[in-house]
Amino acid sequence: MTRPRLLIVEDDEDIRTQMRWALGDDYELLLAGDRTAAMAAFTNSRPMATLLDLGLPPRPNDPEEGLAVLSGMLVLDRLAKVIVVSGQGDKENALRAVGAGAYDFLCKPVDMDELRLVLKRCVYVADLEREYRAMQETARAEAFEDMLGASPLMQTVFAFIRKAATTSAPVLILGENGTGKEMVARALHRRSRQRNGPFVAINCNAIPENLLESELFGHEKGSFTGAHAGRKGLIETAAGGTVFLDEIGELPSSLQVKLLRFLQEKTFQRVGGRQEIESDARVIAATNINLKEAVESGKFREDLYFRLAVLVVTLPALRERGGDVDLIAREFLRRYGTQHGRPGLTFASDAARALNSHVWPGNIRELQNRVQRAAIMAEGKRVTAADLELADGPDPKQRPQTLREAREQIERQVVEEALRRHGGKITSAAAELGVSRPTLYELMERLGVVRGE
Ligand SMILES: Nc1ncnc2c1ncn2[C@@H]1O[C@H](COP(=O)(O)OP(=O)(O)OP(=O)(O)O)[C@@H](O)[C@H]1O
Ligand SMILES: [Mg+2]
């Protein structure tokens, strides 16, 4: 263990000796006798704490020199821990120093036991602050606009959002169920120039075709039975903002034409209307189907596809995000634990293993549901795999016996992970592993690996 570094600013030789004797074992001491030496030592070695005599040469009888040292240190480090030592009967100046940001004060003659205690507490607080600062910094790297993710794949998504937000070109968001498509759409909106305008979302799959047209483009009074009054559609409402078209792959072909025209001209007509209406709403679309395949099979218009897919982002499945599973699971557990009046819950080791070996077909939404349920159902402070309704994962403590077994175990793991990452696609998994397709098939057979999804 390294000793914490303590800077002692004191001009009295006797006191310096006394301190060296009392504190030398527990702290790495630096000594300075005046303002210049004190500032130099502070700048060069950033002590954990500083013990500062207020009366320093050339004016040992007034506190100004010491107070100048104090403010100089605080300018260099807002969280510097300075303990002021003042002359007898000079409490007033000691309090002035505390008002100016000193951590604590002691009066001469200094009681060494008291000093040790104050220092100990001071180092403890400084440690906590340092830890907290470091935590805040990592938290910043692990989250972006409420989205958690430290994995390289998610960092790429965050970088995409930063860039795409600066334009108003359409964006197409691809990704499996529950990967955060709507969250990305909202983040894009919040970071865009249209952020003060409305964000309106519509699920193209949830509304019957005849209503969807009026929902999107609005209708004029009397345009169909029951249309007693004219009504704005979402694209009109979203003027100055963003319209999010979820499940765009399900948009009926008649509406595909109308949407294409809107994307080209920025104008449209309400149902039953003749007037050209303008809207500058930015279009963000999302789908969990393979839209290119839908184009090939004639279900989705190619020209519309190209208009929508000016900027495309594909959200990785949760199983491809490595350590993000742990990161997000812990955050959800903290969040739901607090929400349900059960703070301080942690994952038992079988739960941690299960989280990492599960393939998460429902992605983050599934993780969210399982953790929320577990936060309510767990018996004690520890959430188990059973609370998550997951099977226990492989036990890392079960070590293989022979070299051959070890090799097989690693091979199996690497092959399984590659297949998982590529959604069970042999060609791309083989390419990543640097083997031919037949070799990968052979490996899978020998190792008893099934293709999975
Ligand atoms: N990176 C993330 N960090 C934390 N929470 C997330 C993250 N991504 C998604 N979520 C949460 O997961 C849930 C699903 O996200 P969202 O609705 O955006 O996904 P989706 O892809 O639109 O899903 P679906 O296909 O089911 O419509 C939401 O509750 C969202 O808040
Ligand atoms: Mg969604």
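Just so you know, these numbers come straight off a predicted model, no measurement behind them.

J.: Which parts of the structure should I look at to understand the site of ligand 1?
T.: As a structural note, the neighbourhood of ligand 1 is formed by 14 residues, with Leu148, Gly178, Lys181, Arg365 and Gln368 the closest of them. Measuring from an oxygen atom of ligand 1, one finds a backbone N or O atom of Thr179 at 3.3 Å. In isolation ligand 1 has 620 Å² of accessible area, and contact with the protein removes 85% of it. Contributions of two or more residues to the shell around ligand 1 are made by β7 (147-148), α7 (181-191) and α15 (363-377).

J.: Could you clarify how one ought to interpret the sheet that holds strand β16 (residues 311-314) in this entry?
T.: Within a sheet, adjacent strands bond to each other through the backbone by hydrogen bonds, running parallel or antiparallel. Strand order in the open sheet made by the 5 strands is β9-β12-β15-β8-β16, with parallel pairing throughout. What marks the edges here is a single partner per strand, and that holds for β9 (199-203) and β16. On average, adjacent strands in this sheet sit at an angle of 15° to one another, irrespective of strand direction. In this sheet, β16 lies alongside strand β8 (residues 171-174) in parallel orientation, the contact comprising 4 bridges. Bridge pairing links Leu174 to Thr314 in β16.

J.: Hey, could you run me through the side chain of Asp104 in this one?
T.: Along the chain, the position of Asp104 falls in strand β5 (residues 104-107). By relative accessible area, which is 18% here, Asp104 ends up buried. A distance of 3.5 Å separates the side chain of Asp104 from the side chain of Arg121, its partner in a polar contact. Ignoring anything within four residues of it in the chain, the contact list for Asp104 reads Val82, Ile83, Val84, Val98, Val118 and Arg121.

J.: In this structure, what is going on with the packing of aromatic side chains? I would like to understand it.
T.: Geometrically, a pair of aromatic rings is defined through the distance of the ring centres and the angle of the planes. Inspection of every chain in the model, using the stated rule, returns 6 aromatic pairs. Here Phe144 and Phe158 contribute two aromatic rings whose centre-to-centre distance is 5.0 Å and whose plane-to-plane angle is 25°, an arrangement assigned as stacked. Of the two residues, Phe144 is situated in strand β6 (residues 143-144) and Phe158 in helix α6 (residues 152-164); the sequence distance between them amounts to 14 residues. For Phe158, a relative accessible area of 2% corresponds to the buried category. Centre to centre, the rings of Tyr305 and Phe306 are 5.3 Å apart; their planes meet at 75°, and the pair counts as edge-to-face. Overall, the relative accessible area of 52% leaves Phe306 in the exposed class. Connected via pairs of aromatic rings, a cluster forms that spans Phe217, Phe262 and Phe268. The aromatic ring of Phe217 is capped on one face by Lys258, whose charged end is 4.7 Å from the ring centroid. In this arrangement the basic side chain of Lys266 is found over the ring face of Phe262, its NZ or CZ atom lying 5.3 Å from the centre.

J.: Sorry if this is basic, but what is going on with the nonpolar core here?
T.: The nonpolar side chains of a soluble globular protein tend to be buried with one another. Counting 33 residues, the largest nonpolar core has Leu245, Ile248, Leu251, Leu259 and Phe300 as its most contacted members. Counting residues per element, this core draws most heavily on helix α10 (residues 253-265), at 5 residues. Leave out the neighbours within four places in its chain, and Ile248 touches Leu172, Cys204, Leu259, Ala285, Ala286, Thr287, Leu291, Phe300 and Leu308. Grouped together as the second largest cluster of nonpolar side chains are 25 residues, Leu318, Val325, Leu327 and Phe347 included.

J.: Could you clarify how one ought to interpret the environment of Ile376 in this entry?
T.: Structurally, the position occupied by Ile376 is in helix α15. The class for Ile376 is partly exposed, based on a relative accessible area of 45%. C-alpha of Ile376 to C-alpha of Glu416: the two residues are 40 residues apart in sequence and 33 Å apart in space. In this view, Ile376 contacts His340 and Arg342; residues no more than four positions away in its chain are not counted.

J.: Explain helix α3 (residues 64-76) here, please?
T.: One turn of the α-helix equals 3.6 residues, which is why residues spaced by three or four share an orientation. Here α3 contains 13 residues, and its C-alpha end-to-end distance of 19 Å stays within 8% of the 18 Å for a straight helix at 1.5 Å per residue. Burial in α3 covers these residues: Glu65, Gly66, Leu67, Val69, Leu70, Met73 and Leu74. Elements in contact with the buried residues of α3: β1 (5-9), α2 (35-45), β3 (49-53), β4 (82-86) and α4 (91-99).

J.: How should I be thinking about the sheet that holds β1 in this particular structure?
T.: The 5 strands lie next to each other as β2-β1-β3-β4-β5, forming an open sheet whose pairing is parallel. With partners counted over all chains shown, the strands left at the sheet margins are β2 (28-32) and β5, one partner each. Strand-to-strand twist across the sheet, computed as the mean angle between neighbouring axes with direction ignored, equals 20°. Pairing analysis gives 4 bridges linking β4 to β5, with the strands arranged parallel. Each bridged residue has a counterpart across the sheet, and for Val85 the counterpart in β5 is Leu106. α2 rests against β1, β2 and β3 of the sheet, and its axis sits at about 170° to β1.

J.: Would you mind showing me how to read unusual backbone geometry here?
T.: That bond from Pro57 to Pro58 is cis: its omega, 10°, falls within 30 degrees of zero. Inspection of the secondary structure puts Pro58 in the loop between β3 and α3. The residue after Lys108, namely Pro109, is reached through a cis peptide bond having omega -5°. Take Pro109: it is sitting in the loop between β5 and α5 (112-142).

J.: Can you help me understand the packing of helix α17 (residues 426-433) against helix α18 (residues 437-447) in this one?
T.: If you want to describe how two helices pack, look at the angle between their axes and the distance between the axes. Across the interface, α17 lies against α18 with an axial gap of 9 Å and an inter-helix angle of 95°. Comparing the axis directions of α17 and α18 gives the class roughly perpendicular. Residue-level inspection shows Ile426, Thr427, Ala429, Ala430 and Leu433 of α17 in contact with α18, the latter providing Arg437, Leu440, Tyr441 and Met444. Class assignment for the residues of the contact of α17 with α18 results in 7 nonpolar, 1 polar and 1 charged.

J.: Help me out: how do you make sense of the pattern of salt bridges in this one?
T.: A complete count under the given rule lists 29 salt bridges for this structure. Residue Arg186 pairs with Glu182 through a salt bridge whose shortest N-O separation is 2.9 Å. One end of the pair is Arg186 and the other is Glu182, both in helix α7 and 4 residues apart, which spans about a single turn. For Glu389, the salt bridge goes to Arg373, with nearest N and O atoms at 3.4 Å. Residue Glu389 is found in the loop between β18 (382-383) and α16 (403-421), and its partner Arg373 is found in helix α15; the two are separated by 16 residues along the sequence. Given the relative accessible area of 32%, Arg373 is considered partly exposed. Among the charged side chains, a salt-bridge network with shared partners connects Arg35, Arg59, Asp62 and Glu65.

What counts, and where the lines are drawn
- Each chain carries its own residue numbering, running from 1 in the written order of its sequence.
- As a convention, the first chain written is A and the first ligand written is 1, with the rest following in written order.
- Where totals are concerned, whole chains, interfaces and linings use all residues; where local detail is concerned, this predicted model gives features only for residues with pLDDT of at least 70, and gives and counts side-chain atom pairs only at 80 or more.
- Side-chain metrics rest on all non-hydrogen atoms present in the structure, leaving aside hydrogens and water.
- Any residue with a non-hydrogen atom lying within 4 Å of a molecule or strand is treated as near it.
- In the analysis that follows, any N or O atom pair within 3.5 Å is treated as a polar contact, provided that within protein one partner can donate a hydrogen and the other can accept it, and provided that, for residues neighboring in sequence, both atoms belong to side chains.
- To measure how exposed things are, a 1.4 Å probe is used in the Shrake-Rupley method; for residues, cover is taken only from the protein chains shown.
- Think of it this way: any DSSP run of H or I at least four residues long counts as a helix, any run of E at least two long counts as a strand, and we number them from the N terminus.
- In this analysis, strands are considered paired if DSSP registers two or more bridges between them.
- Axis lines are fitted through C-alpha atoms, for helices just across the contact stretch, and the angle between N-to-C directions can take any value from 0 to 180 degrees.
- Think of it in three bands: with a 1.4 Å probe and only protein chains considered, a residue is buried below 20% of the maximum accessible area for its type, exposed above 50%, and partly exposed in between.
- Contacts are assigned to residue pairs with any non-hydrogen atoms lying within 4.5 Å of each other.
- Only Phe, Tyr and Trp rings are paired, with Trp represented by its six-membered ring, and only when their centres lie within 6.5 Å; those with planes under 30 degrees apart are stacked, over 60 edge-to-face, the remainder tilted.
- Look at NZ for Lys and CZ for Arg. If either is within 6 Å of the ring centre and within 35 degrees of the ring normal, a charge sits over the ring.
- Buried residues of nine kinds, namely Ala, Val, Leu, Ile, Met, Phe, Trp, Tyr and Cys, make up a nonpolar core once their side-chain atoms join them within 4.5 Å.
- The span you would expect from a helix comes to 1.5 Å times its residue count less one.
- Each angle is binned into one of four classes, with values under 35 degrees roughly parallel, values over 145 roughly antiparallel, values of 65 to 115 roughly perpendicular, and all other values oblique.
- All residues other than Ala, Val, Leu, Ile, Met, Phe, Trp, Tyr, Cys, Pro, Asp, Glu, Lys and Arg, Gly among them, are scored as polar; the first ten of these are nonpolar and the last four charged.
- By definition here, a salt bridge exists when the distance from a side-chain nitrogen of Lys or Arg to a carboxyl oxygen of Asp or Glu is within 4 Å.

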